[in-house]
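# Per-entry structural report
Residues per chain, in single letters:
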Amino acid sequence: SIKGEVFVTGSSTVEPISIKVGELAGSLSKGGLAVTVEGPGTGDGFKTFCAGGADISDASRKIKDEEAKTCADNGIEYVELAVAIDGLTVATNAKNTAIECLDTKALYALLGPESEGKVNKWSDANALAKELGSTSPAFPDADLVITGPGPESGTYDSLIEFSVKKIAKDRSKDAKIRSDYTQSPNDNVIVEGIEGSPTSLGWVGFAYYEAQKDRMKAIEIDNGKGCVAPTADTIADASYPFSRTLYMYVSKKALADNPAVKAFVDVYLSADGLAKVNEAGYVALGADKIAATQAAWTAAKG
């Protein structure tokens, strides 16, 4: 059986799946295959990966052009494989009955670049939300206590993609989240922040919400077609507006040089490996996407 070591870095969102598959690969190889998985965030993962420092980079978004250029400049070729679907979940304290549903304009008014230093209470965002044409009800006069991932996280990038980027561009602003909130790469810290204030606001991957949903309340999202809550079904069919595909990027050099990499990814894309997606709390890819991923992997193996 295959012996060897595999080093996986990148997304903290994909990390739990890769850990479970790593454990499966270890037991299938009777301990011969040792998989180390770390989750510093998608952006930090690509930095390491594109410098040749990892076999695989997990990502909760596609690689950015500038990251791909760094990889290319360093001679790091890779194969991109979709592995699961996640829903980004915006949440508040379970007792916060004032907030049930938000549209992207309301979220921009609360979390976008124009709110920094100005929006300290929910109600401080009312004027901008109205100006943008938000249909969300007026916000209450209550402290806005925000906890979320920082810029090293793909979950941070995803919120920008979903609710900030387009509006910021239209208004000639930088597409970023306000920086004056409690930032943590640790999802447990984010959940503690959401739970810790009766008028909190935060965001995590759906799997973390699902695992801790007795500690917070998901806010429904309205993308112009009514309020939709994140569930496995609404994320899988993309009726929930904040659904995203999760990826792994495999170094072609690592694939050529290290037989353990091929063995690990083979396990990942097997029926037993893909079953770990649900076990980790994520949503499985549709059959067509799984077929596309397996075809891409077969082509990469040559």
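Every chain is numbered independently, its residues counted from 1 as its sequence is written. Only residues with pLDDT of at least 70 get local features here, since the model is predicted, and only at 80 or more are side-chain atom pairs given and counted; chain-wide, interface and lining totals rely on the full set of residues. The basis for every side-chain value is the complete set of non-hydrogen atoms in the structure, without hydrogens or water.

### A few points about the overall build of the protein chain
Counting from the N terminus, the helices are DSSP H or I runs at least four residues long and the strands are E runs at least two residues long. Scanning the protein chain from terminus to terminus reveals 13 helices and 12 strands. This radius of gyration counts C-alpha atoms alone. The globule rule is 2.2 Å times how many residues there are, raised to the power 0.38. Its C-alpha atoms give the protein chain a radius of gyration of 20 Å, near enough to 19 Å, the size a compact globule of 302 residues would have. Along the longest, intermediate and shortest principal axes, the C-alpha atoms of the protein chain span 65 × 40 × 30 Å. Considering only contacts within the protein chain whose residues lie at least 6 apart along the sequence, 77% involve residues at least 24 apart. Only heavy atoms enter the contact rule, under which two residues are in contact if any of them lie within 4.5 Å.

### Things to note about the sheet that holds strand β11 (residues 227-228)
One requirement defines pairing of two strands: DSSP has to find at least two bridges between them. Taken in spatial order, the three strands make up an open sheet running β5-β10-β11, and their pairing is mixed. Here the strands that pair on one side only, and so sit at the sheet edges, are β5 (101-103) and β11. As paired elements, β5 and strand β10 (residues 220-222) share three bridges and run parallel to each other. Counterpart to Asp 103 in the pairing with β10 is Asp 222. Here helix α4 (residues 104-111) sits on the sheet and contacts β5 and β10; the angle it forms with β5, its principal contact strand, is near 90 degrees. Only the contacting stretch of a helix is used when fitting its axis, a line to C-alpha atoms as for every element, and angles between N-to-C directions run 0 to 180 degrees.

### Some points on the packing of aromatic side chains
Under the pairing criterion, centres of Phe, Tyr and Trp rings, with the six-membered ring standing for Trp, must be within 6.5 Å; the plane angle then separates stacked pairs below 30 degrees from edge-to-face pairs above 60, leaving the rest tilted. Per the counting criterion, the structure on display carries 10 aromatic pairs. Both rings, one in Phe 49 and one in Tyr 78, keep their centres 6.4 Å apart while their planes meet at 55 degrees; by these two values the pair is tilted. Pair noted here: Phe 49 is in helix α2 (residues 42-50) and Tyr 78 is in strand β4 (residues 78-92), with a separation of 29 residues, a long-range link. A 1.4 Å probe rolled over the protein chains alone gives each residue an accessible area, and that area as a share of the maximum for its type sets the label: buried under 20%, exposed over 50%, partly exposed in between. According to the relative accessible area criterion, Phe 49 is buried, its value standing at 0%. Between Tyr 240 and Phe 242, the ring centres sit 6.1 Å apart and the planes meet at 65 degrees, which makes this aromatic pair edge-to-face. Summarising the burial analysis for this pair, Tyr 240 and Phe 242 share the class buried.

### Overview of α4
Along α4, seven of the eight residues are buried, which leaves the element largely enclosed by surrounding structure. Buried within α4 are the following residues: Thr 104, Ala 106, Leu 107, Tyr 108, Ala 109, Leu 110 and Leu 111.

### Things to note about the packing of helix α1 (residues 15-28) against helix α11 (residues 259-268)
When two helices pack together, their arrangement is given by the angle between the helix axes and the distance between those axes. It is at 9 Å that the axes of α1 and α11 come closest, and there the two elements cross at 110 degrees. With respect to α11, the axis of α1 lies roughly perpendicular. Of the two elements, α1 crosses α11, and the hand of that crossing is right-handed. Together, Ile 17, Ser 18, Val 21, Gly 22, Leu 24, Ala 25 and Leu 28 of α1 and Phe 264, Val 267 and Tyr 268 of α11 make up the contact between the two elements. Ten residue types, Ala, Val, Leu, Ile, Met, Phe, Trp, Tyr, Cys and Pro, are classed as nonpolar, four, Asp, Glu, Lys and Arg, as charged, and the remainder, Gly among them, as polar. Of the residues belonging to the contact of α1 with α11, the class tally is eight nonpolar, two polar and no charged. Any angle that is under 35 degrees is reported as roughly parallel, and any over 145 degrees as roughly antiparallel; angles of 65 to 115 degrees are reported as roughly perpendicular and all others as oblique. Each helix crossing is assigned a hand: it is left-handed if the near helix lies turned anticlockwise from the far helix by less than a right angle, otherwise right-handed if that turn is clockwise.

### Points about α11
Counting buried positions over the 10 residues of α11 gives seven, a clear majority of the element. For α11, the full list of buried residues reads Ala 260, Val 261, Ala 263, Phe 264, Val 265, Val 267 and Tyr 268. The definition of a polar contact used here is a pair of N or O atoms within 3.5 Å, where within protein one atom must be able to donate a hydrogen and the other to accept one, and adjacent residues in sequence count solely through side-chain atom pairs. The distance from a side-chain oxygen at the start of α11 to the backbone nitrogen of Ala 260 is 3.0 Å, and the residue carrying that oxygen is Asn 258.

### What about the state of the cysteines?
When the sulfur atoms of two cysteines come within 2.5 Å, that pair is taken as a disulfide. Here the structure, examined in full by the defined rule, presents two disulfides. The disulfide partner of Cys 101 is Cys 227, and the S-S distance across this bridge is 2.1 Å. The sign of the S-S torsion, about -95 degrees, decides the handedness of the disulfide formed by Cys 101 and Cys 227: left-handed. With Cys 101 in strand β5 and Cys 227 in strand β11, the pair connects residues that are 126 residues apart, well separated along the chain. Its relative accessible area of 13% is what places Cys 101 among the buried residues. By relative accessible area, which is 41% here, Cys 227 ends up partly exposed. By sequence-ordered numbering of the bonded cysteines, the protein chain has its disulfides arranged as 1-2, 3-4.

### Observations regarding the side chain of Ser 29
As for its placement among the helices and strands, Ser 29 is situated in the loop between α1 and β2 (33-37). Polar contacts involving the side chain of Ser 29 include one to the main-chain carbonyl oxygen of Gly 26, which spans 3.1 Å. Within the structure, Ser 29 has its side chain in polar contact with the backbone nitrogen of Leu 33 (distance 2.8 Å).

### Considerations on unusual backbone geometry
Of note in this structure, Ser 172 is not a glycine but carries a positive phi near 55 degrees. Within the secondary structure layout, Ser 172 lies in the loop between α6 (154-170) and β7 (182-183). Residue class for Ser 172 comes out exposed when judged on its relative accessible area of 69%.

### A closer look at the pairing of β2
Here is the key point about a regular strand: its side chains alternate between the two faces of the sheet. Alignment of strand β1 (residues 4-10) against β2, held across five bridges, turns out to be parallel. Each bridged residue has a counterpart across the sheet, and for Glu 5 the counterpart in β2 is Ala 34. Since β1 and β2 lie parallel, the crossover through α1 that links them has a hand, and here it is right-handed. By convention, a crossover is right-handed whenever its connection, traced from the first strand over the helix to the second and viewed with the strands pointing away, goes clockwise.

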